[in-house]
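# Descriptive analysis of the structure
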Amino acid sequence: MRRLVVAGAVAASLWAPAAGAAPPPPVSLPWPPEVLPRTPPLAPETTGVLPLPPRFLRGLDNRERVVVGIDEEGKPHSVRVLQTIVLKRLGDYVLTVPAPVQSVTPGPGTESQPGRRENQILWEGFSPGRRVLAAWADLRLAESVAGLPVEVKVEPGAVTVRNATGVTVPSFSAEPDPVSLGQVSGRVRSSIKADVFPEGLNVGLRGSTTPEQLRVAAPLRVSGTVRVGGERIPFSGRLDGVRRSELRVPVPEGKPEVEVQVQPDDVRLPRPARNPRALLAQTIALELTYARKRQFDQFLSSPDQTGPSSATYVYRTTAPRPSAEPAATSGEGDNTVGWIVLGLGLAAALPVAAVVWAHS
Amino acid sequence: MQRLALLTLALCAFLPACGGDGGSEDSTKTLLVAVNAPFSRTPYVGQTIADGAQLAADEANIQTDEGTYRLRIKRYDTGLSARTAVRNVRQAIADGAVAIVDEGTGVNASWRLANDADRPLGITYQGGVDLVDLEQRPNVFRIAPTDHGTAFRLAEYLIPKHDKIGLIVDDSTYGQEGAKAIRESFSHNPESVAIRLTVPSDAADLAPEVLRARRSGADALLVWAQPTTIAGVLSAARSSGWDVPVYTPASGEDPLVRQQLANHPEWVDGLTFATGRPTAEVGPGPFLAFQRKYEDRFGVQLVGVKTPEGEEVVQPPDYAMYSYDFVNVLAAAIEKAGGVEDRQKLIDALHQVSVQGANGDHRGFNENNHEGVVDDDVYFARFDAMVYRPVKDDPLSATLTPLEQVR
């Protein structure tokens, strides 16, 4: 009898979740567009809208080379992007790339001329099956620097390259349903391997969630050289932005000239955690790290947001170009005041002169 | 009492609200748009430009904070004379035109008059390379295929097909602008050129020139000339038994070519011309809708020839769509600029607005480009039995739907 009672109790405990209240609905993993910063890709606040929907939004590759001019201290003073879009099928195209553009010029190998509108690069035409669209875009510095992946600091004795992609985002921990978590974890991993954005990431939970903060960053492959005098110091490394964020290159006394090449690196897949709670945390971290990495694959947005994209960032010590912007106190303003004064003077003087003339 | 009336009148003179055109806030103002085109010398071109502009003006209902604007079209005949064209632009500005829709003749001089008066000038026929210059001629825009685009597309299409091509241009402005463009487009493949000839545009007989081309070993002719010259070349070649393929720019589709060869319709067969596509990937729907409106308003444009089955051939209003599109872009720019008081603001607004073109394409200009037809949009069509169809051996042309051309 006692065995029967124990067996009944065990059965009841196993049955309880199904027989009682319905299991909590599956919850979505933190959704990257919601929790991650919006940029990159760069997105100016005001962008003209085309009267027609863009066309040719699939079947294209996007490659970018972002050239950042840095001063002697490593601060950016110019940002230029060579964006190359390769259309790989036949059809009309009308594409816009929102960007804080100052000027746009045709890039090497382009088979069409880029257009420019306020905060837009504009492409339109017909692709006979394959068409290369390439443009150099000079960007407004203030609206571009926040989207750059590294900061370079040049100090006496050292050059430091810091991964600047790290952000702290809201996440959660919970006791997950192992079966649904297994599926979601597998989907995230296979998507990262295939370099496509994972979708439909809902996981069943056993109990409630606990809010947490999570630090994520785009892993970067960094390489470059520092030239001081006649000496050339090469360096390279992987900055994942969480465990390792900085690369410090000791340099001898002198005026270093820096060239750094940065590329978002593949997200490394660790062995799946055995503990479901740990596996959930690992899956969320992988999902968001991959999403953050993909953001830096598009400094300027690709017309095909989910298609293949890559970006290489090159930081170089260069002399700042003279500013094209007019000085704050322009001669025109001074002239305007002068003309007003002259006008007022004449207005006052003319009647007086008339009276004098009449009485003369 | 008389003094009071005089005082009131004097006060009114200082108050803009008492003026006529200012009116109340909801009054409709009419803005003049000039069409400067060769109505007397090439009536098809002049008429089609003016009708396209008129159709868009009829439809324009421009709403701004300052009130509602309507557009009125006034025609000025250039007679294909640059001097007259310049005089017309001066007169149009004096008449108060807010913009000029232009065929292209005389623009090398007239743009300056328009620029000094801050008037936009939109070319909707000629494609001359130098006519539009973003830096030097900031007020000049164009919605029409460029000679540069047409010439490069022709070179790209012809060079793989033919060993030796005879290049014939006439001495008209149109022909000479074309000569510049094809010189550039064939510059990378000089071995493909059998001969270059310039012929008089008013020549009665082109047999000697065509014979020279034949003796040069040409196995195709590219004729960049006025319609009469094209008809003359076809006539000289076919009457001598030379069945050489003939290619032309857009002037090859001018009804005048078929009218002049109406007695020998088979001589037109195979004539292939390059021009801007009238339909886009979205299909013929938008253009057919435009054509219906156009024909409802102005009637069909009869070419004056018949098919072998006895059907009347009509000319689709493909060039009318360019002037139609330009006036629509202009209307959108006036709306964006909030009127026409600030002329520079209107020209700036032309860089930022787009409309859906008559063929379903996006039409507009931008800060980098004052060309409203991209070079990619040039297609090829070939005549057969007095009507033309897009060719099948060119990727863009093969995607296009043939237009109905008989009634």
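Within any chain, residue numbers begin from 1 and follow the written order of that chain's sequence. Each chain is given a letter, starting from A, and each ligand a number, starting from 1, according to the order in which they appear as written. Residue-level local features of this predicted model are given only where pLDDT is at least 70; pairs of side-chain atoms are given and counted only at 80 or more, and the full residue set underlies all totals for whole chains, interfaces and linings. Computation of side-chain values: all heavy atoms of the structure, hydrogens and water removed.

## Overview of the overall build of chain A
Secondary structure counts use DSSP, requiring at least four H or I residues in a row for a helix and at least two E residues in a row for a strand, with both numbered from the N terminus. A count of helical and extended segments in chain A gives five helices and 18 strands. Working definition: with a 1.4 Å probe on protein chains only, accessible area under 20% of the residue-type maximum means buried, over 50% means exposed, and in between means partly exposed. Every one of the 360 residues in chain A was classed for burial, and the buried ones make up 44%.

## Regarding the confidence of the model for chain B
All names here are of chain B. As a per-residue quantity, pLDDT reports the predictor's confidence and falls between 0 and 100. Averaged over every residue, the pLDDT of chain B is 91; residues scoring 70 or more account for 94%. Counting interchain partners and residues more than four positions distant, the pLDDT-below-50 stretch residues 4-25 has six contacts. Here the complex is predicted with pTM 0.78, and the ipTM for its interfaces comes to 0.74. Between two residues, a contact is recorded if the distance between any of their heavy atoms is within 4.5 Å.

## Points about the packing of aromatic side chains
Between rings of Phe, Tyr and Trp, where Trp is taken as its six-membered ring, a pair exists when centres lie within 6.5 Å; planes separated by under 30 degrees are stacked, by over 60 edge-to-face, and by other angles tilted. All chains considered together, the criterion is met by 16 aromatic pairs over all chains. Geometrically, the ring pair formed by phenylalanine 273 of chain B and tyrosine 388 of chain B is edge-to-face, given 4.9 Å between the ring centres and 90 degrees between the ring planes. In this pair, phenylalanine 273 of chain B is assigned in strand β11 (residues 272-276) and tyrosine 388 of chain B in strand β17 (residues 387-390), connecting sequence segments 115 residues apart. Here the aromatic cluster, defined as three or more aromatic residues joined through ring pairs, consists of Tyr125, Tyr174, Trp224, Tyr319 and Tyr322 of chain B. Placement of a positive charge over a ring is assigned whenever Lys NZ or Arg CZ falls within 6 Å of the ring centre and within 35 degrees of the normal to the ring plane. Across from the ring centre of tryptophan 136 of chain A, 4.3 Å away, lies the NZ or CZ of arginine 80 of chain A, which sits over that ring.

## Some words on the pairing of strand β15 (residues 231-239) of chain A
Residues and elements named next belong to chain A. Two strands qualify as a pair provided DSSP detects at least 2 bridges between them. Here strand β14 (residues 220-228) pairs with β15 via nine bridges, running antiparallel. Looking at the pairing, glycine 224 lines up with phenylalanine 235 of β15. Where β14 folds back onto β15 in an antiparallel hairpin, the turn is made up of two residues, including glycine 229, whose phi is positive at roughly 60 degrees.

## A short note on the sheet that holds strand β9 (residues 150-155) of chain A
Residue and element names in this part refer to chain A. Strand order in the open sheet formed by three strands is β9-β10-β16, and the pairing between neighbours is antiparallel. Looking at the sheet topology across the chains shown, the edges are occupied by β9 and β16 (246-250). Averaged over all neighbouring strand pairs, the angle between strand axes comes to 15 degrees, with direction disregarded. As paired strands, β9 and strand β10 (residues 158-163) are joined by six bridges and run antiparallel to one another. Here, axes are lines fitted to C-alpha atoms. For helices the fit covers the stretch in contact, and angles between N-to-C directions go from 0 to 180 degrees.

## Looking at the pairing of strand β4 (residues 97-102) of chain B
Residue and element names in this part refer to chain B. Burial analysis of β4 places six of its six residues in the buried class, which makes it a mostly covered element. By the bridge criterion, five bridges tie strand β1 (residues 28-37) to β4 in an arrangement that is parallel. Pairing of alanine 34 across the sheet is with isoleucine 100, part of β4. Pairing of β4 with strand β5 (residues 121-123) involves three bridges; the strand directions are parallel.

## Details of the environment of valine 129 of chain B
Residues and elements named next belong to chain B. Looking at where valine 129 falls in the secondary structure, it is placed in the loop between β5 and β6 (140-142). For valine 129, a relative accessible area of 30% corresponds to the partly exposed category. Leaving out residues up to four positions away in the same chain, valine 129 has contacts with Arg142, Asp147, His148, Glu177 and Ala181.

## Concerning the nonpolar core
We call a set of buried residues a nonpolar core when its members are Ala, Val, Leu, Ile, Met, Phe, Trp, Tyr or Cys and they connect through side-chain atoms within 4.5 Å of each other. Counting residues in hydrophobic clusters, the biggest one holds 76 residues, and the most contacted among them are Val35, Leu71, Phe186, Leu222, Phe290 and Ile334 of chain B. A total of twelve residues in this core trace back to one element, the largest contributor, which is helix α12 (residues 320-337) of chain B. Phenylalanine 290 of chain B has contacts with Leu55, Pro317, Ala320, Met321, Tyr324 and Ala358 of chain B, leaving out every residue within four places of it along the chain. Formed by 47 residues, the second largest nonpolar core is a distinct cluster that contains Ala99, Val104, Ile121 and Phe235 of chain A.

## Section: the interface of chain B and chain A
Each side of the interface is counted separately: chain B has 23 residues, and chain A has 23 residues. Here the quantity called buried area is the total loss of accessible area, with a 1.4 Å probe, experienced by two parts when brought into contact, counted for both. Regarding the contact of chain B and chain A, the summed buried area is about 1900 Å², with carbon and sulfur atoms giving 46% of it. A per-residue breakdown of the area chain B buries against chain A is headed by His362, Asn368 and Asp376 of chain B, which together make up 32% of the total. A pairing counts as a salt bridge when a side-chain nitrogen of Lys or Arg comes within 4 Å of a carboxyl oxygen of Asp or Glu. There are three salt bridges connecting chain B and chain A. The partner of arginine 277 of chain B in a salt bridge is aspartate 92 of chain A, with the nearest N and O atoms 2.7 Å apart. Throughout this description, a polar contact denotes any pair of N or O atoms lying within 3.5 Å of each other; where both atoms belong to protein, one of them has to be capable of donating a hydrogen while the other can accept it, and for residues adjacent in sequence the pair is counted only when both atoms sit in side chains. Inspection of the chain B/chain A interface yields 15 residue pairs in polar contact (both at pLDDT 80 or more). Elements with a minimum of two residues in the side of chain B that touches chain A: β14 (354-356), β15 (362-364) and α14 (395-398) of chain B. Taken together, the residues that form the side of chain B that touches chain A break down as eight nonpolar, ten polar and five charged. In this classification, the charged set is Asp, Glu, Lys and Arg, the nonpolar set is Ala, Val, Leu, Ile, Met, Phe, Trp, Tyr, Cys and Pro, and all remaining amino acids, among them Gly, are polar.

## What about a negative patch on the surface?
Residues and elements named next belong to chain B. On the surface, Asp65, Glu66, Glu341, Asp342 and Asp348 cluster together to form a negatively charged patch. The topology assignment puts aspartate 65 in the loop between β2 (62-64) and β3 (67-77). Using a relative accessible area of 75% as the deciding quantity, one classes aspartate 65 as exposed. A patch consists of residues exposed above 30% relative accessible area that lack any salt bridge, with like charges linked at up to 9 Å and nonpolar side chains (Val, Leu, Ile, Met, Phe, Trp, Tyr) linked at up to 5 Å. Here the accessible surface of atoms and residues is derived via Shrake-Rupley with a 1.4 Å probe, and residues count as covered only by protein chains that are part of the display. For the purpose of counting charges, residues Lys and Arg are taken to be positive, whereas Asp and Glu are taken to be negative. His and the chain ends are not included. Charged side chains are reduced to one point each, which is NZ for Lys, CZ for Arg, CG for Asp and CD for Glu.

## Some points on the sheet that holds strand β5 (residues 101-106) of chain A
Residues and elements named next belong to chain A. Read from one edge to the other, the open sheet built from eight strands follows the order β5-β8-β3-β2-β18-β17-β14-β15, with strand pairing classed as mixed. Of all the strands in the sheet, the pair left with one neighbour each is β5 and β15. Taken pair by pair, the neighbouring strands of this sheet meet at an average axis angle of 15 degrees, ignoring direction.

## Thoughts on the domain arrangement of chain A
All names here are of chain A. Each domain's extent is set by a domain assignment, obtained either automatically or from a database. For chain A, the assigned domains are domain 1 (48-149 + 296-360) and domain 2 (151-253 + 279-295). Each partner contributes residues to the interface: domain 1 has 15 residues there, and domain 2 has 13 residues. With both chains or domains summed, domain 1 and domain 2 bury close to 1000 Å², and 46% of this area falls on carbon and sulfur atoms. A per-residue breakdown of the area domain 1 buries against domain 2 is headed by Pro149, Phe296 and Asp297, which together make up 51% of the total. At the junction of domain 1 and domain 2, the tally comes to one salt bridge.

## Structural notes on the side chain of asparagine 359 of chain B
Residues and elements named next belong to chain B. By secondary structure assignment, the location of asparagine 359 is in the loop between β14 and β15. Within the structure, the side chain of asparagine 359 is placed 3.0 Å from the backbone oxygen of arginine 277, a separation counted as a polar contact. The residues touching asparagine 359, leaving out its near neighbours within four places in the chain, are Arg277, Pro278, Thr279, Ala280, Val282, Pro286, Phe287 and Met321.

## Overview of the pattern of salt bridges
Summed over all chains, the structure comprises 32 salt bridges over all chains. Residue aspartate 265 of chain A pairs with arginine 221 of chain A through a salt bridge whose shortest N-O separation is 3.5 Å. Taken together, the residues aspartate 265 of chain A in the loop between β17 (257-264) and α4 (276-296) and arginine 221 of chain A in strand β14 connect sequence positions 44 residues apart. Classification of aspartate 265 of chain A as buried rests on a relative accessible area of 15%. The partner of lysine 293 of chain B in a salt bridge is glutamate 59 of chain B, and the shortest N-O contact between them spans 3.0 Å.

## Observations concerning unusual backbone geometry
For residues that are not glycine, phi is negative in most cases, and the peptide bond is trans in most cases. Here threonine 39 of chain A and proline 40 of chain A are connected by a cis peptide whose omega angle stands at -10 degrees. Tracing the chain through its elements places proline 40 of chain A in the loop between α2 (32-35) and β2 (60-70). Going from proline 40 of chain A to proline 41 of chain A, the amide bond is cis rather than trans, its omega being 0 degrees. Along the chain, the position of proline 41 of chain A falls in the loop between α2 and β2. In the Ramachandran plot, aspartate 195 of chain A falls in the positive-phi region, its phi being about 55 degrees despite a non-glycine side chain. Judged by relative accessible area, aspartate 195 of chain A falls into the partly exposed class, the value being 33%. A positive phi angle is found at aspartate 118 of chain B, which is not glycine, with a value near 55 degrees. One can find aspartate 118 of chain B in the loop between α4 (107-116) and β5.

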